[in-house]
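Spelled out from the first residue to the last, the chains are:
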Amino acid sequence: MQFRDLQKQYETLKPDIDQAIQQVLTKTDFISGPQVTELEAALAAYTGAKHCVTCANGTDALTLALMVWNIGAGDAVFVPDFTFFASAEAPAYEGATPIFVDVEEDTFNISPASLEKAILRVKEEGKLNPKLIITVDLFGQPSDYQAIRRIAQKHGLLILEDGAQGFGGRIGEKKACSFGDISTTSFFPAKPLGCYGDGGAVFTENDQWAELLRSYRVHGKGADKYDNVRIGMNSRLDTLQAAILSVKLKALREYELENVNLAADRYRKGLENYGARIKPPMVKKGFYSSWAQYSVLLENEKRRDSLQSFLREKGIPTMIYYRKPMSAQRAFCGMDCVKVDLSVSQSLCKRVLSLPLSPYITVEEQDRVIDEIGTWIGQRGIEEMRQN
Ligand SMILES: *Cc1c(COP(=O)(O)O)cnc(C)c1O
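Residues numbered from 1 in each chain as written. Predicted model: local features only at pLDDT ≥ 70, side-chain atom pairs only at ≥ 80, totals over all residues. Heavy atoms only, no water.

Asks: Sorry, what's going on with the overall build of the protein here?
Replies: When helices and strands are counted, the protein shows 11 helices and 13 strands. For a compact globule of 388 residues, the expected C-alpha radius of gyration is about 21 Å, and the protein comes in at 21 Å, within 12% of that figure. Seen along its three principal axes, the alpha-carbon backbone of the protein occupies a region of about 75 × 60 × 35 Å. Put simply, the protein has 388 residues, and 55% of those count as buried. When the accessible surface of the protein is split by element, carbon and sulfur atoms take 51% of a total near 16700 Å². (Helix = DSSP H or I, 4+ residues; strand = E, 2+ residues; numbered from the N terminus. Rg over C-alpha atoms; globule rule 2.2 N^0.38 Å. Buried < 20%, exposed > 50% of the residue type's maximum accessible area, 1.4 Å probe, protein only. Areas by Shrake-Rupley, 256 points an atom, 1.4 Å probe, with all protein chains shown as cover.)

So this is what it looks like as structure tokens:
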């Protein structure tokens with residue numbers, strides 16, 4: 001069993017993907033071929049964002065947004081403590097100070113209450129300029145944008161939506177990557193929309209920012225890349241990746257999202273029978289997840305690790321996203337990033353476990369995962385009875 005079955009996806013899409021790759025090879029326009037602009041138009045149309053600017057990866061996408069807003073030394077950037085490193089790395093790389101915010105246990109996403117506390121603390125201290133909130137649509141579910149937008153407006157902050165895991169998710173009919181003042185995503189192979197290497201994109205409604213993004217991604221170009229009007233970077237999406245992504249975007253729209261949601265529902269129904277010993281992830285009412293991960297919670301670290309090794313022995317791969325909160329990463333040591341209680345994030349790191357999931361997982365595979373978890377729970381019950 002695969003943790004995320006990219007092989008079966010390729011087998012399913014092979015004729016279209018092979019043809020898309022062959023077309024690029026025949027024309028040899030490996031950089032900035034027409035497939036890139038076609039993909040950008042399709043991504044903008046899908047998400048509902050006015051502009052889509054593709055780039056080399058999801059980390060660069062965040063960096064490009066921060067460059068547009070001139071984020072740097074002396075600025076406070078609010079980031080969830082429970083996320084992938086890049087969400088906090090990008091602002092720190094620009095010289096800003098990431099301020100870690102706790103998350104909600106139910107959704108794994110940034111907690112509006114904790115966010116408000118962190119903003120007030122930074123304002124009280126008066127050492128840093130509160131500038132923006134990076135929301136992360138973790139594991140595929142959009143953050144609570146209604147609450148976060150209210151806080152952002154109240155304190156005059158921008159929102160940067162890190163939709164690396166969120167592409168395909170939505171709240172009502174509004175899609176992920178359209179919630180931020182600028183939004184970003186990643187096309188790393190295992191993300192909801194992944195390519196065959198690295199890739200990323202930035203989304204915005206703002207014409208001026210879009211113009212700047214297009215300049216920054218190609219060496220701060222003016223009229224062309226030999227007319228350089230600002231210091232930028234080299235962060236383009238390859239034509240090959242764009243061609244592959246167009247095929248995959250079609251599959252995502254036509255059936256992948258639906259299938260992965262059916263699979264998530266099957267897990268929930270199967271796991272609910274096991275009661276409080278294992279907690280399936282919750283999707284808020286009116287929210288729709290793209291299920292980048294299916295992450296369950298165990299009662300404590302010992303039990304989580306025990307289930308993981310039990311499943312490993314049965315040939316069922318699982319992952320721990322994430323084992324360490326950002327505030328415990330050595331890279332942020334001495335940066336004065338902690339202003340509020342982060343105990344939910346700390347607890348999640350000890351209890352979270354992600355199960356195998358993809359739009360291509362079979363009912364049989366899922367039944368096996370659910371049954372083996374049942375066996376583990378049964379064995380544990382017997383062990384506990386013995387100890388008592
Ligand atoms: C994967 C990921 C990124 C970074 O994307 P890359 O394409 O790997 O650079 C950023 N933020 C989050 C939340 C991610 O999961």
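Asks: How do you make sense of the pattern of salt bridges when you look at a structure like this?
Replies: Pairs can form between side chains of opposite charge once their charged atoms are near each other. Applying the stated criterion across every chain, the model contains 24 salt bridges. One salt bridge in this structure joins Glu 40 and Arg 217, with 2.9 Å as the shortest N-O distance. Of the two residues, Glu 40 is situated in helix α2 (residues 34-47) and Arg 217 in the loop between α7 (207-216) and α8 (239-272); the sequence distance between them amounts to 177 residues. Both residues of the pair, Glu 40 and Arg 217, belong to the buried class. Here Lys 339 ties to Glu 125 by a salt bridge, and the two come within 2.7 Å at their closest N and O atoms. Here Glu 125 lies in helix α5 (residues 112-125) and Lys 339 lies in the loop between α9 (301-313) and α10 (343-351), a separation of 214 residues in the sequence. (Salt bridge = Lys/Arg side-chain N within 4 Å of Asp/Glu carboxyl O.)

Asks: Where do I start with the environment of Ile 31 in this structure?
Replies: Here Ile 31 lies in the loop between α1 (6-27) and α2. When its relative accessible area of 44% is taken as the criterion, Ile 31 is described as partly exposed. Considered as a pair, Ile 31 and Ala 65 are 34 residues apart in the sequence and their alpha carbons are 22 Å apart. Among all residues touching Ile 31, those that are not within four sequence positions of it are Arg 236, Asp 238 and Thr 239. (Contact = heavy atoms within 4.5 Å.)

Asks: Would you take a moment to explain helix α11 (residues 363-387) for this structure?
Replies: In an α-helix there are 3.6 residues to a turn, and that puts residues three or four apart on one side. The end-to-end C-alpha distance of α11 is 36 Å, a good match for the 36 Å that 25 residues give at a rise of 1.5 Å each. Restricting attention to buried positions, one finds in α11 the residues Glu 365, Gln 366, Val 369, Ile 370, Glu 372, Ile 373, Gly 374, Trp 376, Ile 377, Arg 380 and Gly 381. Of the surrounding elements, those touching the buried residues of α11 are α1, α8, β10 (278-279), β12 (294-298), α9 and β13 (352-355). (Expected span 1.5 Å × (residues − 1).)

Asks: Could you clarify how one ought to interpret the site of the ligand in this entry?
Replies: Lining the immediate environment of the ligand, one finds 14 residues, of which Gly 58, Thr 59, Asp 162, Ser 186 and Lys 191 sit closest. In this structure, Thr 59 approaches the ligand through a side-chain N or O atom, which is 2.5 Å from an oxygen atom. Note that an oxygen atom of the ligand is positioned 2.8 Å from one of the side-chain N or O atoms of Gln 165. A total of 380 Å² of accessible area belongs to the ligand in isolation, and the protein chains cover 92% of it. Among the secondary structure elements, those contributing two or more residues to the shell around the ligand are α3 (58-68) and α4 (86-93). (Near = heavy atom within 4 Å. Polar contact = N/O pair within 3.5 Å; in protein donor to acceptor, adjacent residues only side chain to side chain.)

Asks: Would you explain a nonpolar patch on the surface in this entry?
Replies: Together, Leu 25, Phe 30 and Ile 31 make up an exposed nonpolar region whose accessible area comes to about 250 Å². Secondary-structure assignment places Phe 30 in the loop between α1 and α2. Look at Phe 30 and you get partly exposed, because its relative accessible area is 37%. (Patch = residues over 30% accessible without salt bridge, like charges linked within 9 Å, V, L, I, M, F, W, Y side chains within 5 Å.)

Asks: Looking at this structure, how should I read the pairing of strand β1 (residues 51-55)?
Replies: Counted residue by residue, β1 has 5 buried out of 5 residues, so it is predominantly covered. Where burial is concerned, the two faces of β1 agree: the one with His 51, Val 53 and Cys 55 and the one with Cys 52 and Thr 54 are both buried. Sheet topology note: the β1/strand β9 (residues 200-204) ladder contains 5 bridges and is antiparallel. By the bridge assignment, Cys 55 is partnered in β9 with Gly 200. (Pairing = 2+ DSSP bridges.)

Asks: Mind showing me how you'd approach the nonpolar core here?
Replies: Among soluble globular proteins, nonpolar side chains are generally buried collectively. Residues Leu 64, Phe 78, Phe 100, Leu 115, Leu 132 and Leu 160 are the most contacted members of the largest nonpolar core, which totals 49 residues. At 7 residues, the largest contribution of residues to this core is made by α3. One finds Val 352, Leu 355, Trp 376 and Ile 377 within the second-largest nonpolar core, a separate group that totals 35 residues. (Core = buried A, V, L, I, M, F, W, Y, C linked by side-chain atoms within 4.5 Å.)

Asks: Help me understand the environment of Ser 215 in this model?
Replies: For Ser 215, the location among the structural elements is in helix α7. Accessibility expressed as a relative area gives 5% for Ser 215, which makes it buried. Separated by 212 residues in sequence, Ser 215 and Phe 3 have C-alpha atoms that sit 38 Å apart. Beyond its immediate sequence surroundings of up to four residues, Ser 215 is in contact with Gly 220, Lys 221, Val 229 and Arg 230.

Asks: In this structure, what is going on with the sheet that holds β10? I would like to understand it.
Replies: Strand pairing in a sheet relies on backbone hydrogen bonds, with the paired strands running either antiparallel or parallel. The 3 strands are arranged β10-β12-β13 in an open sheet whose pairing can be described as antiparallel. The open sheet has two edge strands, β10 and β13, and neither has a second partner. As paired strands, β10 and β12 are joined by 2 bridges and run antiparallel to one another. Within the sheet, the bridge partner assigned to Ile 278 lies in β12 and is Leu 298. Against the sheet, α8 touches β10, β12 and β13, its axis set at about 20° to β12. The strands touched by α10 are β12 and β13; relative to β13, the strand with the most contacts, the crossing angle is about 50°. (Axes fitted to C-alpha atoms, helices over the stretch in contact; angles between N-to-C directions.)

Asks: Even after reading the chapter, I still don't get the sheet that holds strand β2 (residues 75-80), so can you show me in this structure?
Replies: Strand order across the open sheet formed by 7 strands is β1-β9-β8-β5-β4-β2-β3, with mixed pairing between neighbours. Edge positions in the sheet fall to β1 and β3 (97-101), since each of these pairs with one other strand and no more. Averaged over all pairs of adjacent strands, the angle between strand axes in this sheet comes to 25°, irrespective of strand direction. Sheet strands touched by α7: β1, β5 (158-162), β8 (182-186) and β9. Its angle to β1, the strand with the most contacts, is close to 15°.

All quantities given are derived from atomic positions and should not be read as evidence of function.
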